[in-house]
Amino acid sequence: MSVVLATAGLDHKIRFWEAPSGINSKTLRAGAPVNCLEITPNKQFIAAGCNPHIRLFEVNDTNTDPVLTLEGHNGNVTSIGFQKDVRYLFSSSEDKTVKIFDLRSQHASCSFDCKAPVNSVVHHPTRPELISGDQNGIVRVWDIGTLKCINELAPDAHSKSNVLPYSTSFYFGQRVSIQSVDISEDGKTCIAANNHAYVFMWDPSDSTKFIPLSKFRSHPTGTYLLKAKISPDSRQLVTCSSDRSARIYDISRQYQSSSSSSSSSSSPKLLQSLNNHQKWVWDCAFSADSSYLVTASSDQTARLFNLRSGEVVRQYTGHQSAVTCVALND
């Protein structure tokens, strides 16, 4: 497949789609509700994070059984990803751990104790490091070589200052669950988003001391943020919410230089709000050129948006329950 697009959710099924036509080309049975999906960079495998297993399937194989089931977590698997050369898979779970699987075995090769259920984990684009966000409101940077935590941040959404506190040794604010973490492909921007819809941005050039850039509320008060993701071109951020929308923000450094504010950190500009879903928007995936976005929703559909026009190009229907995750590799 030149374009691999897949969705999954609470109906235990992984559906592959022909992106332009919306035709459901293949369906796999995951055996459990699917929390997250990831396609390998070479488009050979797709991984599904369930409770508590991770199942790998061949993308182009007619065999619909998993080729490998990864074991080690004992709670919901909340996020997964592949190292860029597919040397290993990394995952986070509500069992309070982040794990690495080298894919030659069904068992984890190493595990990181996060001391709280983990909602999200991402791999640094150039360094052997993982960044995790947990339900205690803590963001941690893990050195894969030493298996140690080298940075720990506790962003405070309720601080009056727009400079983000990140020392947990002197932390007195209100911790809110970190729902999503991500880092840009150029390695210049790291974000963490909590479930009250606050987004925190840092310059992660020094892994041991992130430099605060901005914090802002991405969706209205009283709504929940469910996913935040940076585009492949490192210029846009999308946030998905219980308010039935996905919002696109400009996170290029141009928005800072053009701001008239004298503050050292300014809020990114809202570019557009995609309001076409009827229920919560759980997940999203950018196209490789950052010009298209696929969203997944509790309304049992996924939608493909043209971000230049903001219009829905295609709707993908066929799931019998909420669509909680989407993966795209084009």
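Residues numbered from 1 in each chain as written. Predicted model: local features only at pLDDT ≥ 70, side-chain atom pairs only at ≥ 80, totals over all residues. Heavy atoms only, no water.

K.L.:
How should I be thinking about the sheet that holds strand E1 (residues 4-9) in this particular structure?
P.N.:
Strand pairing in a sheet takes place through backbone hydrogen bonds and is either antiparallel or parallel in direction. A sheet is described by the order of its strands in space; here 4 strands give the open sequence E3-E2-E1-E28, paired in antiparallel fashion. Lying at the two open borders of the sheet, with one neighbouring strand each, are strand E3 (24-29) and strand E28 (323-329). Put simply, the sheet's adjacent strands are angled 20 degrees from each other on average, direction ignored. With 5 bridges connecting them, strand E2 (residues 13-17) and E3 associate as antiparallel partners. (Pairing = 2+ DSSP bridges. Helix = DSSP H or I, 4+ residues; strand = E, 2+ residues; numbered from the N terminus. Axes fitted to C-alpha atoms, helices over the stretch in contact; angles between N-to-C directions.)

K.L.:
Even after reading the chapter, I still don't get the pattern of salt bridges, so can you show me in this structure?
P.N.:
A side chain with one charge may pair with a side chain of the opposite charge, provided their charged atoms come close. Inspection of every chain in the model, using the stated rule, returns 8 salt bridges. Note that aspartate 283 and lysine 229 form a salt bridge whose closest N and O atoms lie 3.9 Å from each other. Within this pair, whereas aspartate 283 is found in strand E24 (residues 281-286), its partner lysine 229 is found in strand E20 (residues 225-230), the two being separated by 54 residues in sequence. Where aspartate 299 meets arginine 303, a salt bridge forms, and the shortest distance between an N and an O atom there is 3.1 Å. One exposure class covers both aspartate 299 and arginine 303, and it is buried. (Salt bridge = Lys/Arg side-chain N within 4 Å of Asp/Glu carboxyl O. Buried < 20%, exposed > 50% of the residue type's maximum accessible area, 1.4 Å probe, protein only.)

K.L.:
Explain the side chain of aspartate 134 here, please?
P.N.:
Mapped onto the secondary structure, aspartate 134 falls in strand E13 (residues 129-134). Reaching out from aspartate 134, the side chain makes a polar contact with the backbone nitrogen of asparagine 136 at a distance of 2.8 Å. Once you skip the residues sitting within four places of it in the chain, aspartate 134 turns out to touch Cys114, Ala116, Pro117, Val118, Asn119, Arg140, Ser177 and Ile178. (Polar contact = N/O pair within 3.5 Å; in protein donor to acceptor, adjacent residues only side chain to side chain. Contact = heavy atoms within 4.5 Å.)

K.L.:
It is not clear to me how the sheet that holds strand E23 (residues 269-274) should be interpreted in this structure. Could you clarify?
P.N.:
Taken together, 4 strands build an open sheet; the order of strands is E20-E21-E22-E23 and the sheet is antiparallel. The open sheet is flanked by E20 and E23, the only strands paired with a single partner. Here the average twist between neighbouring strands, direction ignored, is 20 degrees. Pairing analysis gives 5 bridges linking E20 to strand E21 (residues 236-241), with the strands arranged antiparallel. Residue pairing across strands places lysine 229 opposite valine 238, the latter belonging to E21.

K.L.:
Would you mind showing me how to read the pairing of E1 here?
P.N.:
Sheet faces and side chains relate simply in a regular strand, where the side chains alternate between the two faces. Among the 6 residues of E1, 6 are classified as buried, and the element is accordingly described as predominantly covered. Burial of the side chains of E1 extends over both faces: Val4, Ala6 and Ala8 are buried on one face and Leu5, Thr7 and Gly9 on the other. Looking at chain direction, E1 and E28 are connected through 6 bridges and run antiparallel. Within E28, the position partnered with glycine 9 by the bridge is valine 323. Pairing analysis gives 4 bridges linking E1 to E2, with the strands arranged antiparallel.

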